[in-house]
Amino acid sequence: MNSTDDSREGIEKYLKRNPATSFVAECDGVVIGVIMAGHDGRRGYIHHTAVLPTYRNQGIATKLVDCAMSALEREGINKVALVAFKKNDIGNDFWEHIGFTERDDLVYRNKNIHTLNRIDT
């Protein structure tokens, strides 16, 4: 089976499981930013965050993160984690700037159940 976690069906499934913690930013009816956040009942996770390049550095990503963090807090979540590609300098600078610290005491591991099409940003 060949699939991707970021398929339309995969995102719909994620949003159905996390209906109150993911947000979009719009300008004139066009989506210009998104954040997909959720939790497992204990820990919150930010899975995807993006803002169109022409709308960056205007506080949109920070507002999206604030909305997601507040929504997670309302659901009883006290700590939020995320994974960012090491080479994503812009993203990592942003996360550091808003207070997400890097952990060097963890090893991230995963194993695919099915072959996935990798989308590497």
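Residues numbered from 1 in each chain as written. Predicted model: local features only at pLDDT ≥ 70, side-chain atom pairs only at ≥ 80, totals over all residues. Heavy atoms only, no water.

Colleague: Residue-level account of the pairing of strand β3 (residues 30-39), with values.
Modeller: Bridge count between strand β2 (residues 23-27) and β3: 5 bridges; the pairing is antiparallel. Bridge assignment links Cys 27 to a residue of β3, and that residue is Val 30. Where β2 folds back on β3, the antiparallel hairpin that results is connected by 2 residues, among which Asp 28 adopts a positive phi of roughly 55°. Pairing of β3 with strand β4 (residues 44-51), which is carried by 7 bridges, proceeds in the antiparallel orientation. Residue pairing for β4: Gly 33 is matched across the bridge by Val 51. What sits between the antiparallel neighbours β3 and β4 is a turn of 4 residues, in which Gly 41 has the positive phi angle 95°. (Pairing = 2+ DSSP bridges. Helix = DSSP H or I, 4+ residues; strand = E, 2+ residues; numbered from the N terminus.)

Colleague: So what about the sheet that holds β4? Which residues, and what values?
Modeller: Strand order in the open sheet formed by 4 strands is β2-β3-β4-β5, and the pairing between neighbours is mixed. Because the sheet does not close on itself, it has two edges, and the strands there are β2 and β5 (80-82). For this sheet the average axis-to-axis angle between neighbouring strands, irrespective of direction, equals 25°. Judged from the 3 bridges that link them, β4 and β5 form a sheet pairing that is parallel. Bridge pairing links Tyr 45 to Ala 81 in β5. (Axes fitted to C-alpha atoms, helices over the stretch in contact; angles between N-to-C directions.)

Colleague: Give me unusual backbone geometry: which residues, what numbers.
Modeller: The phi torsion at Asp 28 lies on the positive side, around 55°, for a residue other than glycine. If you trace the backbone, Asp 28 turns up in the loop between β2 and β3. Assessed through its relative accessible area of 78%, Asp 28 is described here as exposed. Backbone geometry at Asn 57 places phi at a positive 65°, although glycine is not the residue there. Position of Asn 57 among the secondary structure elements: in the loop between β4 and α2 (60-74). (Buried < 20%, exposed > 50% of the residue type's maximum accessible area, 1.4 Å probe, protein only.)

Colleague: An account of the environment of Asn 92 is needed here, citing residue identities and associated values.
Modeller: Relative to the helices and strands, Asn 92 is located in helix α3 (residues 89-97). Of the residues examined, Asn 92 reaches a relative accessible area of 29% and is grouped as partly exposed. Among all residues touching Asn 92, those that are not within four sequence positions of it are Ala 84, Phe 85 and Lys 86. (Contact = heavy atoms within 4.5 Å.)

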